[in-house]
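The residues making up each chain are set out below.
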Amino acid sequence: MDVISVPSPSSLWTTVRSVSALNVTCSFVALWAFVKVLRTIRWRLRTTQLRGPPRTSFIYGVSHDLASSQDSAGMYEHWATEYGVAYMIPGVFGRTRIVLCDPRAIAHFYARETWTYVQTPFSLVILEQIIGRGLLWSHGEDHQRQRKALTPAFSNAAIRKLTSVFYDSAYKAKGAWDTAIESSKDGDAIIEVQNWMNHISLDTIGIAGFSHDFGSLDGKRASVTEVFDTFGNNQQASAVNQVLFLLASAFPILLKIPTKRRILIKKLRMSMEQISNDLLIRSRREKGVNMSGREEEKSIIGLLIKSEGQDAKLHMSEEEVVAQMKVLLLAGYETTSISLTWALIELSQHPDVQTRLREELLAFGADPTYDQLKTSLPYLDAVVHETLRLHPPLAEFTRLAAADDVIPLSEPVRTKSGEMTDSISIGKGTLITISGAAINRSSAIWGPDAKEFKPDRWLSEDGISGKAKEVQGHRHLLTFVDGPRTCLGKDFAIAEFKTVLSVLVKNFVFEMQDGPDTLVETARGIFPRPRVVGEDGIGVPLRVRRYE
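The shown structure was predicted, so the numbers you read here are calculated from the model rather than taken from an experiment.

Peer 1: Looking at this model, I keep getting lost on the pattern of salt bridges. Mind explaining?
Peer 2: It is possible for side chains of opposite charge to pair when their charged atoms get near one another. Evaluated as defined, the whole model comprises 30 salt bridges. Residue Arg145 pairs with Asp142 through a salt bridge whose shortest N-O separation is 3.2 Å. One end of the pair, Arg145, and the other, Asp142, are both in helix H6 (residues 140–150), three residues apart, so they sit about a helical turn from each other. In this structure, Asp381 engages Arg475 in a salt bridge whose closest nitrogen and oxygen atoms are separated by 2.7 Å. One end of the pair, Asp381, is in helix H18 (residues 378–390); the other, Arg475, is in the loop between helix H20 (443–446) and helix H21 (490–507), with 94 residues separating them in the sequence. For Asp381, a relative accessible area of 11% gives the class buried. Because the salt bridges share partners, they merge into one network encompassing Glu386, Arg389, Asp449, Lys454 and Arg457.

Written as structure tokens, this is what we have:
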């Protein structure tokens, strides 16, 4: 006789609970999928569907091709030639980006940045991981408030007082190079210039920004420099790291996986945070006691401390103050040193330009003042801006449309349906990409010699084409972007760039170690950096001799 077992109440309850949990999970997944479908339909109805390159990967679209290319700007320019000044590119997991290569469209975009166009979730996670919720992370009214509080530190009057700091750093490097050359039997020395430009930039931002000497030019090793250098020397990023970084553009939570790069980023953030907190505590203590008014005026940190006690319109929290300090450290160390290194490479590859620049500097005589650097040395100005044109430290960026918009174009483009349009509708949630490097080097905008290093283009009215004059950035460049997010330290960076370059070129002759045709590639760091092909890390060894 069969015995029928009756399940106990507890086992019945467990079964019911598991079925309920499964139902709830399935309901959430179905709801999520339904919302995604609705958003996709809405986006397609509200966004002009443009032509563009086909996906080369089912998962990555064309993102992997761009990430692994030595010339992503060239790829963007090629697609603009084929599909028009605005086009769509397929991204990770079917996500689509609109790329703008039109000066009028870009001007419209920049005018609405931080309000209509905001940082993507992917960018926000990276920025918060490295520098916190400061000027680069914020948008809208928060961005406006933080920027307004910092603006006086980067006025002409403030930078004018810092010129002596720029010269001090440049002459420290000169002294060390003189010693290296004197100890050489051949009258020249092979100098790893990128490391030296890093030292100059770090010590300069330390003294100018925080009244603190890192001593990098004197051989001291700051903890932050070790982490920066580790980024530059860690070139063989694993396939897993590369895949995770690409996938994270669609799923930012993946950036929290503890990969080697993530651990390095955390170490960098902690190092910059410790330095920033130490400097902040010291400066608060010295304020009004050991620090003279003149020193406080020269230091950006004085303004940051002041903002903690300001009213709501200019007030910054301690978290925001520390975040601004990390931004200044990162920008001061990375971007200026990259630009100086590229300038020395270009001058080594174009000895005629180097000679002409030296002749202008020697004919001028004494070290120029801040105002003379701005107005009295046209060829120095031309060399600096040609370097910034060809080698912007930040090659491209992507923003998210926080609201629907209509972007005007200076010339019509053909849509997917074959119609011509002189404006494109942008639906909320659209990703917009602008490649500053592609715009800066575009033959359609800058003429047939756009890829050449040609400082002369800056010396005559007709040297810059009519199309380039439509670009509404600093000197028609997107190197410092434009609009509300225009680089706040632009004038500081250019003044430091000109000061250091004038001292070095006036006193030394630079050559590529293996001749002017030596190949240079882009290496991965926090920002892309130059590297001589065959060198380890971010090596840029140049042959340097004194100018007699």
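Peer 1: I keep staring at the sheet that holds strand S12 (residues 541–546) and nothing clicks. Help me out?
Peer 2: The strands making up a sheet associate through hydrogen bonds between their backbones, and the pairing can be parallel or antiparallel. If you walk across this open sheet you meet the three strands as S4-S12-S9, and the pairing is antiparallel. Edge positions in the open sheet fall to strand S4 (188–192) and strand S9 (508–512), since each of these has one partner strand only. Averaged over all pairs of adjacent strands, the angle between their axes in this sheet comes to 35 degrees, without regard to strand direction. Relative to S12, S9 runs antiparallel, the two being bridged by five bridges. The partner of Glu511 across the bridge, within S12, is Arg543. Set on the sheet, helix H8 (residues 163–182) makes contact with S4, S9 and S12; between it and S12 the angle comes to about 85 degrees. The strands that helix H9 (residues 193–210) touches are S4 and S12; relative to S4, the one it contacts most, it runs at about 65 degrees.

Peer 1: Mind showing me how you'd approach the pairing of strand S6 (residues 405–414) here?
Peer 2: Two faces, one strand: in a regular strand the side chains alternate between the faces of the sheet. Sheet topology note: the S6/strand S7 (residues 420–426) ladder contains six bridges and is antiparallel. Bridged to Arg414 within S7 is Met420. The hairpin turn running from S6 into S7, its antiparallel successor, is five residues long, and Gly418 in that turn takes a positive phi close to 95 degrees.

Peer 1: Honestly, the environment of Ala450 in this entry has me stumped. Any pointers?
Peer 2: Within the secondary structure, Ala450 is located in the loop between H20 and H21. A residue is classified by how much of its surface remains accessible, and Ala450, at 0% relative accessible area, is buried. Separated by 61 residues in the primary sequence, Ala450 and Arg389 place their C-alpha atoms 9.5 Å from one another. Excluding its chain neighbours within four sequence positions, the residues that come into contact with Ala450 are Arg389, Leu390, Arg441, Ser442, Ser443 and Arg457.

Peer 1: Looking at this structure, how should I read the sheet that holds strand S8 (residues 431–435)?
Peer 2: Strands sit in the order S1-S2-S8-S5-S3 across an open sheet of five strands; the sheet is mixed. Edge positions in the sheet fall to strand S1 (86–90) and strand S3 (117–119), since each of these pairs with one other strand and no more. Pairs of neighbouring strands in the sheet enclose a mean axial angle of 40 degrees, with direction left out of account. Pairing between S3 and strand S5 (residues 396–401): three bridges, direction antiparallel. Residue pairing in the sheet places Val118 in a bridge with Leu400 of S5. Against the sheet, helix H3 (residues 72–83) makes contact with S1, strand S2 (96–100), S5 and S8, and its axis sits at roughly 120 degrees relative to S1, the strand it touches most.

The rules behind the values
Residues numbered from 1 in each chain as written. Predicted model: local features only at pLDDT ≥ 70, side-chain atom pairs only at ≥ 80, totals over all residues. Heavy atoms only, no water. Salt bridge = Lys/Arg side-chain N within 4 Å of Asp/Glu carboxyl O. Helix = DSSP H or I, 4+ residues; strand = E, 2+ residues; numbered from the N terminus. Buried < 20%, exposed > 50% of the residue type's maximum accessible area, 1.4 Å probe, protein only. Pairing = 2+ DSSP bridges. Axes fitted to C-alpha atoms, helices over the stretch in contact; angles between N-to-C directions. Contact = heavy atoms within 4.5 Å.

Remember that the coordinates give geometry; whether it matters functionally is a separate question.
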